[in-house]
Amino acid sequence: MSEKFFEAVSQVLGPEAVDVSDAGRASYSSNRLPGGDRQTDGIVFPSSTADVSTIVRLAAEHGVSLWPTSTGHNWGMGEFSPVRGGQVIMHLGKRMNRILEVDERLGYAVIEPGVTFRQLRAKMAELGDKFMISGTSGPPDGSIIGNAVDRGAGYTPHFDHFGTLCGMEIVLPNGEIFNTGDGALPNANTRFTNKSGFGPLLDGIFTQSNFGIVTQTAVWLMPRPATILGFAFSFAGDEDLSEIFELVRPLKLNSVVPTLIKVTSGGYGFATEDTYPYDRTNGQVPLPDDIRRELQEKHGTGAWLVSGALYGPSVGALQPTLDKIRAVFEASGKATYISHKEMLDNPIYKIHLDTYSGEPTASEVDMLNWRPGGGATWFLPATPMIGEAAELQHQTSRRILAEHGFEYFVEFVCSTRAARGLHLIIFNRQDPDEVARMNSAYAALVEAYDQIGYPIGRTPTDWQERAMSRLPVLQQVTHQIKAALDPMGTIAPGKYGIS
Ligand code: ADP
C-alpha cells in the first residue's frame, strides 16, 4: 500500500521528495519517550504548499496516513514519532524553510514550517536588531511553527506563540488550501495583521490536532527594547513556594514586569551543569535531599530561583522599578538578590537572561544528560497564580516522582493568572525497570492532577490518546470534526487522541 504511494510521490515530485532507505527510516524512528521508538515506512519531503497538497491527495488515494511535522526537535515530547506506528512522516522543515517576508513597518515575518528560532533570530540581527523574537529554552533548531501549533510557549510578552501567529495557510485533508482569518479573501491586505475578521475564529482548531497541515503563517515580532535588565532572587526553603507565588502575582497582574516570571526549582537549574551522582548514592535513586541541597548551594540556585526582566530605554530609567521589585522580595526576609551582572556570569542564570531577550539558547537542553540513557518526558499542567495551589501541586508532584525514583524538576513560568508548570522528568531509557517506573509515574501524575482539578495540557505523543480518553465530550466533538474534514484518516489519526 505505502510502496505504491512512495512510487507515486517520487514520480510526481522527484526522488528527492522520498526516503524509504533503512538508514533514513531508522534515523526518524527514535525518540526519548518511554513508549519506545516508532517505525515508519518512509519519509516524504515537500518543497512547497503545492507539494504538500499533492502528497496529501496521493496519500488519500493510496490509503496512507501522514504524520506532518516541522523539524522534529520537540525533545521529550515525541520528536518525529507519530502517536500511532505505521504512519508516513512528512518532514516539512527539510525543504520548506524559507523566511518569505519581513515587514519592518508592521513587525511581522512570514515563515515556512522549517524556519527555526535560530534562523529567525539571525535574520533579525541581519536587519539591525530592531525586532526581537520570542525565544525558546528548547533546542534553537526547533521550528517556530511546530512549537506554536503544539501550543508551546516562551518567556517574553510574546510568550503565547500560537497567539503571535496571524494568517495561517493550511492544507486540509482533502488537499485543498485554506487561509485563516482575513486570508480567506485571496487579495486581502490585512491577512497578516488582523485576526478578528469575518466568521468563526478557526485558527485554534489547527493546534494540538490533526485537521490540517500548516504550510506558512505570519509571526508577529516585538520591537527590541534598548535595555533589557534582568533580575533574580534565590530562596533557600522548599517551603517558600507558596509565599513566592503571592509575591509574584501582583507584579504580573499590575504589569510591573513585562516578561513572564520564572519560579524554578533548584534541580531544573543544576541539572544543566551536573549529572546524577550515582557514585555518592551507591546507585540509588532518587537524589537524596542532602545532596540536592548541596548542589543547590554549589550552583547558586536555591530551592527556588525567581527571575524576570525589565524593558526600557536605559538602566537608569528602569532602576526605580527594579528597586520596587527588590523591596517586595526582600521584605520576605528570605530572598537573596542576584543582579543582572551576576546573571551574565553564571551559566544557569544566563539561561534566564537569554530567554527574556529572545536569544535561543542550547544550555537548558543539557538537562537531558542528567541521567544516562537518553530518556526525557514533559508533564505540563497549568497552575493558577495562587500560593496554596502551587504548593498543593508541588507536594503532589514531588511525592509521586520520589515514590517512583525520579527527581522533581519544575519551572513555573508565571503569567498574570496562571503559570505553566513545566515538569521535566529525566530517566534512563536503556533500563527497562526505570522505563516501567516512568510510565507508572506519568499515569499517577495525570490521575492525581485530575483529582485535584488541574488537567494536563500539551502532552507527549505517548500519552495523547490516554489523555483524551479522560475527556469524553471533547473526544466526541473532535471526532465529529475529524469525520467531517478527514473521513479517510489521511492526517495523523490518533494525534491528541483525535481519530
Ligand atoms: P519542534 O519545533 O519542537 O521541532 P515539531 O516539528 O516536532 O516541533 O512539531 C511539534 C508538533 O507539532 C508535532 O506533534 C507535529 O505533529 C506538529 N506539527 C509540527 N509542524 C506542523 C505543521 N506544519 N502542521 C501541522 N502540525 C505540525
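Computed from a prediction, not measured in an experiment: that's the story for all the values here.

Colleague: Tell me about the overall build of the chain, and name the residues and values.
Modeller: Within the chain, the regular secondary structure consists of 16 helices and 19 strands. The C-alpha radius of gyration computed for the chain amounts to 23 Å, which stays within 12% of the reference 23 Å derived for 499 residues, consistent with globular compactness. Projected onto the principal axes, the alpha-carbon positions of the chain cover approximately 70 × 55 × 40 Å. In the chain, which comprises 499 residues, the proportion classed as buried is 58%.

Colleague: Please give an account of the pattern of salt bridges that cites residues and values.
Modeller: For side chains bearing opposite charge, pairing can occur when the charged atoms are close. Throughout the structure, instances matching the rule amount to 32 salt bridges. Residue Glu-246 is joined to Arg-249 by a salt bridge in which the shortest nitrogen-to-oxygen separation is 2.8 Å. You can see Glu-246 and its partner Arg-249 sitting in helix H6 (residues 241–253), 3 residues apart, about one turn around the helix. Judged by its relative accessible area of 34%, Glu-246 is partly exposed.

Colleague: Can you break down the domain arrangement of the chain residue by residue, with the values?
Modeller: With domains assigned, the chain is organised as domain 1 (2–94), domain 2 (99–223) and domain 3 (227–458). Approximately 1300 Å² of surface area, both sides summed, lies buried where domain 1 meets domain 2, with 69% of it carried by carbon and sulfur atoms. Our count for the domain 1 to domain 2 interface comes out at 0 salt bridges. Linking domain 1 to domain 2 there are 5 residue pairs in polar contact (both at pLDDT 80 or more). In terms of residue count, the dominant contributor to the side of domain 1 that touches domain 2 is helix H3 (residues 49–62) (5 residues). Of the residues that constitute the side of domain 1 that touches domain 2, the class distribution is 7 nonpolar, 6 polar and 1 charged.

Colleague: Explain the site of the ligand to me, using residue names and the numbers behind them.
Modeller: Within the structure, the ligand sits among 20 residues, and Ser-70, Thr-71, His-73, Ser-143 and Val-214 are positioned closest to it. Note that an oxygen atom of the ligand is positioned 2.9 Å from one of the backbone N or O atoms of Pro-68. Contacts to the ligand include Lys-495, whose side-chain N or O atom sits 3.2 Å from an oxygen atom. Burial of the ligand by the protein amounts to 97% of the accessible area it has alone, namely 550 Å². In terms of residues, the shell around the ligand owes the most to one element, helix H5 (residues 144–149), which gives 4 residues. Considering only residue class, the shell around the ligand consists of 7 nonpolar, 11 polar and 2 charged. Taken together, domain 1 (2–94) and domain 2 (99–223) each give at least three residues to the shell around the ligand, which thus spans both.

Colleague: A description of the sheet that holds strand S1 (residues 18–19) should follow, citing residues and the corresponding values.
Modeller: Taken in spatial order, the 4 strands line up as S1-S2-S4-S3 in an open sheet, and their pairing is mixed. Of all the strands in the sheet, just S1 and strand S3 (66–69) have a single pairing partner and so form its edges. By the bridge criterion, 4 bridges tie S3 to strand S4 (residues 88–91) in an arrangement that is parallel. Each residue of the ladder has a partner; that of Pro-68, found in S4, is Met-90.

Colleague: Explain unusual backbone geometry residue by residue, including any values.
Modeller: A cis amide bond, omega -5°, links Val-285 with the succeeding residue Pro-286. Take Pro-286: it is sitting in the loop between helix H8 (278–281) and helix H9 (289–299). Positive phi, normally seen in glycine, also occurs at Asn-282, with a value near 55°. Within the secondary structure, Asn-282 is located in the loop between H8 and H9. On the accessibility criterion, Asn-282 (69% relative accessible area) is exposed.

Colleague: Explain the environment of Pro-384 residue by residue, including any values.
Modeller: By the secondary structure assignment, Pro-384 is in strand S17 (residues 382–384). Judged by relative accessible area, which is 23%, Pro-384 ranks as partly exposed. The spatial distance from the C-alpha of Pro-384 to the C-alpha of Gly-421 is 9.8 Å, given a sequence separation of 37 residues. If we ignore the near neighbours within four places in the chain, the residues touching Pro-384 are Phe-245, Ala-389, Arg-417, Ala-418 and Tyr-454.

Colleague: So what's going on with the side chain of Ser-81? Residues and values would help.
Modeller: Mapped onto the fold, Ser-81 is located in the loop between S3 and S4. Only 3.4 Å separates the side chain of Ser-81 from the backbone oxygen of Ser-29, close enough to count as a polar contact.

Colleague: Tell me about the sheet that holds strand S5 (residues 99–103), and name the residues and values.
Modeller: Spatially, the 5 strands line up as an open sheet ordered S5-S6-S10-S8-S9, and their pairing is antiparallel. Strands at the two margins of the open sheet, each flanked by one partner only, are S5 and strand S9 (177–179). Pairwise comparison of adjacent strand axes, ignoring direction, gives a mean angle of 15° for this sheet. Here 4 bridges tie strand S6 (residues 108–111) to strand S10 (residues 213–220), and the two strands are oriented antiparallel to one another. When the bridges of S10 are listed, Val-110 appears paired with Ala-218. H3 rests against strand S8 (165–171), S9 and S10 of the sheet, and its axis sits at about 40° to S8.

Parameters and conventions
- Residues numbered from 1 in each chain as written.
- Predicted model: local features only at pLDDT ≥ 70, side-chain atom pairs only at ≥ 80, totals over all residues.
- Heavy atoms only, no water.
- Helix = DSSP H or I, 4+ residues; strand = E, 2+ residues; numbered from the N terminus.
- Rg over C-alpha atoms; globule rule 2.2 N^0.38 Å.
- Buried < 20%, exposed > 50% of the residue type's maximum accessible area, 1.4 Å probe, protein only.
- Salt bridge = Lys/Arg side-chain N within 4 Å of Asp/Glu carboxyl O.
- Domains from an automatic or database assignment.
- Buried area = accessible area lost by both parts, 1.4 Å probe.
- Polar contact = N/O pair within 3.5 Å; in protein donor to acceptor, adjacent residues only side chain to side chain.
- Nonpolar A, V, L, I, M, F, W, Y, C, P; charged D, E, K, R; others polar.
- Near = heavy atom within 4 Å.
- Areas by Shrake-Rupley, 256 points an atom, 1.4 Å probe, with all protein chains shown as cover.
- Pairing = 2+ DSSP bridges.
- Contact = heavy atoms within 4.5 Å.
- Axes fitted to C-alpha atoms, helices over the stretch in contact; angles between N-to-C directions.

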